[in-house]
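Secondary and tertiary structure notes
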Amino acid sequence: MQAQLEGSQAVARAVALCRPDVVCAYPISPQTHIIEALGALVKSGQLDAEFVNADSEFSALSVTIGASAVGARAYTATASQGLLFMMEAVYNAAGLGLPIVLTLANRAIGAPINIWNDHSDAMSVRDSGWVQLFAETNQDAIDLHILAVALAEELSVPVMVNVDGFILTHSIERVDLPSADEVDSLVPPYLPRQSLDPLDPVSIGAMVGPEAFTEVRYLAQVRLQRALDVIPRLGEHHLEVLGRSSGHLVQGYHLDDAEVVVVAMGSVLGTIKDVVDDLRANGEKMGVLSITCFRPFPAEAVRRALERATRVVVIEKAFSIGYGGILSTDIALALRGRSTPIHEVIAGLGGRPVWADSLRETFLAALEGTLVETTFLDLDHSLVDGELARVAQRRRSGPAAENVLRDLEMSRRDS
Amino acid sequence: MTERRPFAITLDVGSSLANLTGTWRTERPVYVHRLPPCSAACPAGEDIQGWLYHAEEGDYESAWRAIMERNPLPAIMGRACFHPCESACNRVQVDEAVGVNAVERFLGDLGLERGWRIEPGPDTGRRVAVVGSGPGGLSAAYHLRRRGHAVVVFEAQADLGGMMRYGIPAYRLPRDVVDAEVARLAEMGVRFEVNHWVDDVNALLAQGFDAVVVAVGAQRGRDPGIPAGDAARILDAVGVLRSLEEGDPPSLGRRVIVYGGGDTAMDAARTATRLGATETVVVYRRTRDVMPAHDEEVLDAEAEGVQMRWLSTISRSDEGRAVIEIMTLDDEGRAVGTGQFEEMEADTVVLALGQEADLSLLDSAAQVHVSDGVVHCDEHQRTGDPRIIVVGDASANGADSRTLTRAIGQGRLGADAIDALFEGREAQVDSPRAPASFDRLNTWYYSDAERTVRPRLEVARRRDTFSEVVGGLSVDDALFEARRCMSCGNCFECDNCFGVCPDNAVIKLGAGEGYAFNYDYCKGCGICVAECPCGAIDLVPEPR
Amino acid sequence: MSTERTPVRFYQVGSFAVGNRLVELERRSAQSDPTRANSLTSGHRACAGCGEALGARYALDAAMRASDHQLVAVNATGCLEVFSTPYPETSWRLPWLHSLFGNAAAVATGVAAGLRATGRGHVRVVAQGGDGGTADIGLGPLSGMFERNDDVLYICYDNEAYMNTGVQRSGTTPGAARTATTEAVGEHPGNRFGQGKDLPRLAMAHEIPYVATATVADLFDLESKVERAMEISGSRYLHILVPCPLGWGSVSSDTIRLARLAHQTGLFPVFEARDGDVSAVTPIRHPEPVESYLRLQKRFAHLFTREGEVADRATVARIQAQASRNITRYGLLGRDDD
Ligand SMILES: Cc1cc2nc3c(=O)[nH]c(=O)nc-3n(C[C@H](O)[C@H](O)[C@H](O)COP(=O)(O)OP(=O)(O)OC[C@H]3O[C@@H](n4cnc5c(N)ncnc54)[C@H](O)[C@@H]3O)c2cc1C
Ligand SMILES: Cc1ncc(C[n+]2csc(CCOP(=O)(O)OP(=O)(O)O)c2C)c(N)n1
Ligand code: SF4
Ligand code: SF4
Ligand SMILES: [Mg+2]
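Described below are features of the structure shown in this document. (Residues numbered from 1 in each chain as written. Chains lettered and ligands numbered in written order. Predicted model: local features only at pLDDT ≥ 70, side-chain atom pairs only at ≥ 80, totals over all residues. Heavy atoms only, no water.)

**Description of the overall build of chain A**
- Helix and strand counts for chain A come out as 16 helices and 18 strands.
- For a compact globule of 415 residues, the expected C-alpha radius of gyration is about 22 Å, and chain A comes in at 22 Å, within 12% of that figure.
- Across its three principal axes, chain A shows a C-alpha extent of roughly 70 × 55 × 55 Å.
- Counting contacts in chain A only where the partners sit at least 6 residues apart, residues at least 24 apart contribute 79% of the total.
- One finds the centroid of the 33 positive side-chain charges in chain A at a distance of 4 Å from the centroid of its 53 negative side-chain charges. (Helix = DSSP H or I, 4+ residues; strand = E, 2+ residues; numbered from the N terminus. Rg over C-alpha atoms; globule rule 2.2 N^0.38 Å. Contact = heavy atoms within 4.5 Å. Lys, Arg positive; Asp, Glu negative; His and termini not counted. Charge placed at Lys NZ, Arg CZ, Asp CG, Glu CD.)

Here is the structure:
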């Protein structure tokens, strides 16, 4: 069914089509519209599920842990601070192998508190044992949620679908919402790997010491890696049923002849592809590699996709403070043994728009071979230089964020 | 299903049974059977806690049979025993003693009512003569019959029972009860020869008896030789009581002095009142607190109008009066005369200063040693001649406390000694058991329950009748009273150990079977020991 | 309005002991039943004499009986979890889930919701944790669960400190008690006297249908509370005092005795509350001064001389005052309860 829908509504509808048994969440922008919509669906009787208004994200995920452990299909959604607040449970859900699906409406992490989009939240849990999928469009978001449920339950692992906050969650687009029958054929009934059942009791959540912990972790690794086979398979199924598919690990765009390849995740790929289209029209041999599955990291697929690339530019919406790009580090690792130069471009932090012009400039530099290793896209050099100078002068220079804001205000007044 | 379960994090239930925590233990609990103070105090050696256990469940026949293991006369003892068990009862320290005696009477009466019997043992061909049909003789006869020996009881009197018939007044021990319990012994095959005075034990042995039990009691009242005028009327208490029983009550007059401070004195005084005396005074040398009579008897006597005169001796008696010397206690608590005298009106002076035994039947038995009016014997009641056993009041063992109960206990010991002689085995001794002292109990667990009081005949109706003063317990009350027993030192299956073990290391074996420890898991924490209400568990060092 | 006991007919131990062979089978405790669930079975690694191990089996066996074995348990991190389920062995015999230290209530909510959503609403849910997992780190989720009135019986095993991590102070550690983070040194040795964190009353403030306290010293009382709780749906809270020989510095055999004294001194009021109001009180049977309780525990040793005389009268008086306040507040001496 084609519809003009807000991203959050689309996600909510998709989740509802997956027939969750328990939905539990705690509000945080930009996830709120999703759970509000689900709450309304449950309350109106359109969705037959338990809807629990949690007292915190920690509780929200914990509720889904409990529900999942008794063999119920459980769903939650959060963002940013909320994800950090549930952090302990994030690791726990993965450790217990519970197939929970979580929508992460990607948002920056404070301080300074910031409700806008970037990928810092997702990156903070990349080592937790969850599958992490990134939606490029709202259609993707719909399809990936449907895929996520099947994936989670087949592997008994939790899956996080990343949907860029505001950019996708709050944008109204024309999407195709699959029918209930279609979704039913894509998401088989849940057959839990383990379940708390009085008829067949088990103890779940034992304490494991050094004698077996490494093995437990090794097995978790093997299990998560299996997603790399299952996702494309599920993708093929989507193609059969829906005539389209988001079920791929990575997706190439003009990689056949591309020399410079831009790698990115999420909604920013739209702008990137527009700019690349323009540059290609000018004869530049550029291509794009979008990463749909960030964890487990599809190193092999990335390696194959970038086989012909002579230069790689990674645009990423998060970075590891004290080191640098996170996705670019993973790409570099995937290309181990090759000499392909890799440039990291940190962009769109805390909701900073990623302008096509800035990208074009960056890509051109890459094509010319003048792009530096690390770029903070559209960084206001005068602002940071001022603060750095101040720090150099005085030991107690005050909070950087406030200082920068003040400077910003001054420069605005000046102009 | 199992293979599907995640490795290590998900475990199969109950698998910790593989972990034997018993290895942690440095001390281990063990079940014990300690000797409750009641049994320790019971001269008949009754397993009181043991039979109360059955009574608690309402299984009265088992309870009765458990009593009958030791005591063949529960209906009598349930009335006339001074119940030292109750004085010793640990429950005294909680609220009041368990009414053991009342329950015993209830069971004894029920036994008679229902006609419960004890079968004699298979015939052994041995013959034993018992001289005297008091409690000592009857007990010996009973236990000998249970072992299958033929028994003939020789009794000088016309009726059976010794002091139970000719001493203890009927208002305390109705004669039909005595008749009924004696009849049960006759049913067991005990032969009785009444009006048969035995004057020589050796003659009995010569007649072919393999052993003789001397249970002649102490029949003669002690006479202090009070100076008396010719017309003075001085009687002895046992004689008074006997003639009453023989249907020839003596006339005592209006004012009666009973001289002595024991239970016999109380019986004589209360009997005098019933025979029409309007003023009965007990004269006693010392003070109330050292008086040998049991409190209950004294209180009953007082309730019936008997007066007490402490610190007094009778120095002379004449017609209608007696002269009393006022006494005082010296530093050692002995009564000494003050030289002050008073006169009292008295139609009769009844002497109740103790009894002596007529042991002439032993004159011919050279190996039997008699002194101070009693026969010496070992702890199995054996005299110097192992075929001659002495029990009861005539025995030197425990002669300072002459009671029915002691006679019954000795009767059993003596019977066993004879049986051992016949069998060529050692005589039995009760294996020593550590005491179940009060400090071992965890009394928290016993619910609060005050003693049931036996109904008593109204005082007004006692004065002129020999009807039984103390009534029996109803079924409900007997059950209640039995359930007041704390089962000191012996498991009564309250399940506490089974419940309180944090390691589930106690195995419940089923009703009546008690419990066992599972030392595979017992960590030796000792909670079961601390929480056992009755102290039936000891904590002992773990054997190396 | 005290909790019911075996009535007037005297049955030797009434309902004070675990069993009573003289009462009808159906009136005996779950623990006296040789076929009891043994929800927590032998081989667990709790210290000898652990009150928590005992309390857990008492409570869960009763819940198992009441639910006809249709029960799932959720456990917070803590001694109970650690000693019961170290890989490769578990001592549990019912479906059991451990997630984290502070989320047992929320996980249980999820379990209940999941069961309901999958058509197994008849399966009942118990959540359990220590005082730390309940009063401190898990209070938020617990309060949320109460407020939503989720259909869970939450049981707190209160041993008055973080035992699993080595006896550190918790929100329920009593004043003056020595813990590893409130050592018996300095001017005011032991834990400072705060305002206390009265979990049962906090639960009552949520007006949930049922709140009760119990101790491992009174099994019948404890079981009847579990049973009552299981008859009700919605949020129920049971707070059980479970002495810890290790943390309290007591003799392992004194575990039940201490629990009993805690009640008899008034320091630990045993009561029930319905919909936010106290509805029944288990009266003190044999009143005891607080010293009899304190003296048995090394965590209070600094209040006494070596010979056992009270050394710190002021502090003991302060503790006595707390006990007296409870006695008055709950009418623990059986007077004027209504
Ligand atoms: C008045 C009174 C009241 C008492 N009240 C109690 C009481 O309430 N509770 C209690 O526990 N104790 C009581 N006693 C003590 C108790 O009665 C005796 O301790 C007990 O009866 C002793 O038992 P026995 O078998 O040794 O002798 P006895 O009961 O004295 O029986 C001895 C029997 O042997 C017979 N006999 C004696 N010599 C011969 C012989 N040569 N040939 C044949 N037969 C012979 C006698 O006729 C007598 O029947 C009381 C005693 C008296 C006197
Ligand atoms: C988030 C978190 N913080 C701290 C811990 C460490 N920890 C584990 S158990 C525990 C104390 C448990 O205390 P309590 O809940 O009272 O249970 P007890 O062990 O006393 O039974 C602590 C602090 C943890 N596991 N998780
Ligand atoms: S309570 Fe029972 S066992 Fe204990 S002394 Fe009294 S009668 Fe004997
Ligand atoms: S530390 Fe305390 S709570 Fe923990 S196992 Fe030992 S006794 Fe039990
Ligand atoms: Mg604790």
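**Some points on the interface of chain C and chain B**
- Facing the 53 residues of chain C at the interface are 49 residues of chain B.
- Interface of chain C and chain B: buried area, both sides summed, is about 4,400 Å²; carbon and sulfur atoms make up 55% of it.
- The largest share of the area that chain C buries against chain B comes from F10(C), Q12(C) and R21(C), three residues that together contribute 18% of it.
- Between the two partners, chain C and chain B, sit four salt bridges.
- With its nearest N and O atoms 3.0 Å apart, the salt bridge here joins E531(B) to R260(C).
- At the junction of chain C with chain B, the criterion picks out 35 residue pairs in polar contact (both at pLDDT 80 or more).
- Listing elements by their share of the side of chain C that touches chain B, those giving two or more residues are α1 (51–66) and α9 (255–265) of chain C.
- Considering each element in turn, the side of chain C that touches chain B owes the most residues, five residues, to α9(C).
- Within the side of chain C that touches chain B, the residues separate by chemical class into 22 nonpolar, 20 polar and eleven charged. (Buried area = accessible area lost by both parts, 1.4 Å probe. Salt bridge = Lys/Arg side-chain N within 4 Å of Asp/Glu carboxyl O. Polar contact = N/O pair within 3.5 Å; in protein donor to acceptor, adjacent residues only side chain to side chain. Nonpolar A, V, L, I, M, F, W, Y, C, P; charged D, E, K, R; others polar.)

**A word on the sheet that holds strand β6 (residues 236–241) of chain C**
- Within the open sheet, the ten strands sit side by side as β1(B)-β9(A)-β2(C)-β1(C)-β3(C)-β4(C)-β6(C)-β5(C)-β7(C)-β8(C). Their pairing is mixed. Across the chains shown, the open sheet's two edge strands, defined by having one partner strand only, are β1 (10–12) of chain B together with β8 (277–281) of chain C. Each neighbouring strand pair of the sheet contributes to a mean axis angle of 20°, computed without reference to strand direction.
- Those strands touched by α1(C) are β1 (71–75), β3 (124–130), β4 (153–158) and β6 of chain C, and its axis lies near 160° from that of β4(C). (Pairing = 2+ DSSP bridges. Axes fitted to C-alpha atoms, helices over the stretch in contact; angles between N-to-C directions.)

**Considerations on the site of ligand 3**
- If you check the shell around ligand 3, you find P36(B), P37(B), C38(B), Q49(B), L52(B), C89(B), N90(B), V98(B), V100(B), C485(B), M486(B) and C488(B) and nothing else.
- Breaking the shell around ligand 3 down by element, the ones donating at least two residues are α1 (37–41) and α2 (48–56) of chain B. (Near = heavy atom within 4 Å.)

**Concerning the nonpolar core**
- In this structure, L38(A), L151(A), V263(A), L306(A), I331(A) and Y237(C) are the most contacted members of the largest nonpolar core, which totals 144 residues.
- A domain-level breakdown of this core finds at least three residues from each of domain 1 (2–242) and domain 2 (250–376) of chain A.
- Within the second largest apolar cluster, 71 residues are counted, among which are Y446(B), C494(B), Y210(C) and M230(C). (Core = buried A, V, L, I, M, F, W, Y, C linked by side-chain atoms within 4.5 Å. Buried < 20%, exposed > 50% of the residue type's maximum accessible area, 1.4 Å probe, protein only. Domains from an automatic or database assignment.)

**Here we look at the interface of chain B and chain A**
- Counting from both sides, the interface comprises eleven residues of chain B and, opposite them, 18 residues of chain A.
- Regarding the contact of chain B and chain A, the summed buried area is about 1,300 Å², with carbon and sulfur atoms giving 61% of it.
- There are one salt bridge connecting chain B and chain A.
- A salt bridge links D200(A) to R5(B); the shortest N-O distance between them is 3.0 Å.
- At the boundary of chain B and chain A, one finds five residue pairs in polar contact (both at pLDDT 80 or more).
- For the side of chain B that touches chain A, a count of residues per class yields seven nonpolar, one polar and three charged.
- Across three bridges, strand β9 (residues 202–204) of chain A lies against β1(B) in antiparallel orientation. Looking across to β1(B), one finds that I204(A) is bridged to T10(B).

**A short note on the site of ligand 4**
Residues and elements named next belong to chain C.
- Close to ligand 4 lie A46, C47, C50, E52, C79, F83, N159, M163, C244, P245 and L246, which account for all nearby residues.
- Counting only elements with at least two residues in the shell around ligand 4, the list comes to α2 (79–84) and α8 (245–248).
- Taken together, the residues of the shell around ligand 4 sort by class into nine nonpolar, one polar and one charged.

Nothing here speaks to function; it is all geometry.
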